[in-house]
Amino acid sequence: NQPNKLIKQWYQRRVRALVAERNILSPFLCYYRAYLTYFTFPVSFYLTATLTSIKLLLLKFPFREHYWTVRRAHSVCLAVWGFNLLPIVLILIVDKGDVGFDFKEMACYYQFSSAHWKLLRPIMGVAMSLFPFAVVMLTLGWLVVEARRIARRGHDSLRRQGLVTVILTAVVYCLSVLPMTLYHIVADFVEEDSQGWFHVYYYRFSNAIICTNVMSNFYIYSLTLKSFREWLLSLATRAKNELVGKSRLQPGNNIRAFYNCQLS
């Protein structure tokens with residue numbers, strides 16, 4: 001095993017030199033990928049928490065539904081996006097250049113090498129991952145209780161399609177985010193080991209499964225929302241008409257039509 005280990009270490013050093021020194025990945029793309037990771041994922045977490053919270057408010061106070069206009073909804077989403085700039089601000093303050101190539105994912109990531117992250121990283125993990133996760137869990141349970149209460153009363157005002165969409169979205173979110181949330185909270189308390197299962201295999205698993213939070217939304221909306229299916233059908237019909245229209249305007253078709261007219 002010792003020769004194989006030495007060969008593996010040599011290979012890793014060569015690949016690291018190839019990536020870093022010869023600059024295969026441009027610095028801009030490397031920093032862009034690293035910074036974007038710690039912005040987009042927390043945004044999706046908080047947007048899901050906002051979705052379940054607003055759905056619960058609409059269910060609890062149906063007569064105030066007119067208050068949630070499109071303008072106010074956009075303002076809430078804008079506030080969520082603005083709040084999630086906090087991790088980027090912290091990274092810029094602590095050490096903006098601490099970006100490197102991670103062999104666990106074969107991509108550029110922020111390294112959290114500064115001693116300040118010993119305290120800040122668990123706090124950021126709780127604020128940007130665990131807190132929205134707890135909000136989603138709380139509002140999800142409350143939504144189910146309220147929906148059952150309204151259904152028992154026999155009210156026809158319960159919009160089951162939208163409720164099922166929100167519940168399925170929240171469930172998939174919780175299942176996909178929980179592994180990565182736990183990793184970021186306890187990562188600094190587990191000893192770093194190049195062959196350790198936690199920092200390598202568990203990290204890869206949690207990083208891969210978190211993508212289902214995004215990929216599943218299309219299928220959830222397609223299965224539960226009739227309006228979304230109709231919108232997709234309208235897009236497909238429009239694209240088909242555009243393609244058919246362009247094929248009719250091709251030069252070959254015009255010449256053929258002129259030739260047919262001359263024969264007739």
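The structure presented is a predicted model; accordingly, all values stated were derived computationally and were not measured. (Residues numbered from 1 in each chain as written. Predicted model: local features only at pLDDT ≥ 70, side-chain atom pairs only at ≥ 80, totals over all residues. Heavy atoms only, no water.)

Some details on the overall build of the chain
And then number 1: When you go through the chain residue by residue, the secondary structure sums to 10 helices and 2 strands.
And then number 2: Shown N-terminal to C-terminal, the secondary structure of the chain runs as helices and strands in the order α-α-α-α-β-β-α-α-α-α-α-α.
And then number 3: Counting only residues that meet the buried cut, the chain has 32% of its 264 residues in that class.
And then number 4: Within the chain, contacts between residues separated by at least 24 positions form 72% of all contacts whose residues are at least 6 apart in sequence.
And then number 5: Accessible surface, the chain: about 17800 Å² in total, of which carbon and sulfur atoms supply 66%. (Helix = DSSP H or I, 4+ residues; strand = E, 2+ residues; numbered from the N terminus. Buried < 20%, exposed > 50% of the residue type's maximum accessible area, 1.4 Å probe, protein only. Contact = heavy atoms within 4.5 Å. Areas by Shrake-Rupley, 256 points an atom, 1.4 Å probe, with all protein chains shown as cover.)

With respect to the packing of helix α2 (residues 27-60) against helix α5 (residues 117-152)
The description of two packed helices rests on the angle between their axes and on the distance between the axes.
And then number 1: Put simply, α2 and α5 touch, their axes get as near as 9 Å, and they point 25° apart. With respect to α5, the axis of α2 lies roughly parallel. Between α2 and α5 lies a crossing of left-handed hand.
And then number 2: Residues that form the contact of α2 with α5 fall into these classes: 16 nonpolar, 5 polar and 3 charged. (Axes fitted to C-alpha atoms, helices over the stretch in contact; angles between N-to-C directions. Parallel < 35°, antiparallel > 145°, perpendicular 65-115°, else oblique. Left-handed = near helix turned anticlockwise from the far one by under 90°. Nonpolar A, V, L, I, M, F, W, Y, C, P; charged D, E, K, R; others polar.)

Comments concerning the packing of helix α4 (residues 86-95) against α5
And then number 1: It is at 11 Å that the axes of α4 and α5 come closest, and there the two elements cross at 170°. With respect to α5, the element α4 is oriented roughly antiparallel. Contacts between α4 and α5 pair P87, L90, I91 and V94 from the former with W117, L120, M124 and M128 from the latter.
And then number 2: Residues of the contact of α4 with α5, tallied by class, amount to 8 nonpolar, no polar and no charged.

What to know about the pairing of strand β2 (residues 107-110)
In regular strands, side chains alternate between the two faces of the sheet.
And then number 1: Residues A107 and Y109 point to one face of β2 and C108 and Y110 to the other, with burial holding for every one of them.
And then number 2: Two elements, strand β1 (residues 99-102) and β2, share 4 bridges in a ladder whose sense is antiparallel. If you follow F101 over to β2, its bridge partner there is C108. (Pairing = 2+ DSSP bridges.)

What to know about α2
And then number 1: Its 34 residues place the ends of α2 50 Å apart at the C-alpha level, agreeing with the 50 Å of an ideal helix rising 1.5 Å per residue.
And then number 2: Maximal helix bending in α2 amounts to about 30°, located at L36. (Expected span 1.5 Å × (residues − 1). Bend = angle between axes of the 7 residues up to and from the residue.)

Side note on the pattern of salt bridges
And then number 1: Per the stated rule, a full pass over the model turns up 2 salt bridges.
And then number 2: Between K60 and E146 there is a salt bridge, with the nearest N and O atoms lying 3.5 Å from each other. On the criterion of sequence distance, the pair formed by K60 in helix α2 and E146 in helix α5 is long-range, its members being 86 residues apart.
And then number 3: Here E146 falls in the buried class, since its relative accessible area comes to 6%.
And then number 4: One salt-bridge network, in which partners are shared between bridges, spans K60, E146 and R149. (Salt bridge = Lys/Arg side-chain N within 4 Å of Asp/Glu carboxyl O.)

Some points on a nonpolar patch on the surface
And then number 1: A surface patch of nonpolar side chains, about 440 Å² in accessible area, is lined by F28, L29, Y32 and L36.
And then number 2: Structurally, Y32 can be placed in helix α2. (Patch = residues over 30% accessible without salt bridge, like charges linked within 9 Å, V, L, I, M, F, W, Y side chains within 5 Å.)

Considerations on the side chain of D98
And then number 1: Checked against the element boundaries, D98 lands in the loop between α4 and β1.
And then number 2: We note that D98 is buried and unpaired, the nearest opposite charge coming from R121 at a distance of 9.0 Å.
And then number 3: A distance of 3.2 Å separates a polar atom in the side chain of D98 from the backbone nitrogen of F112.
And then number 4: In contact with D98, other than residues within four places in its own chain, are Y109, Y110, Q111, F112, S113 and S114. (Lys, Arg positive; Asp, Glu negative; His and termini not counted. Polar contact = N/O pair within 3.5 Å; in protein donor to acceptor, adjacent residues only side chain to side chain.)

A few points about the confidence of the model for the chain
Detailed reading of the predicted coordinates is not advisable wherever pLDDT is low.
And then number 1: Across the chain, the average pLDDT comes to 76, with 78% of residues at or above 70.
And then number 2: The spread of mean pLDDT over the elements of the chain runs between helix α10 (residues 251-263), the lowest at 50, and helix α3 (residues 70-83), the highest at 89. (pLDDT = per-residue confidence, 0-100.)

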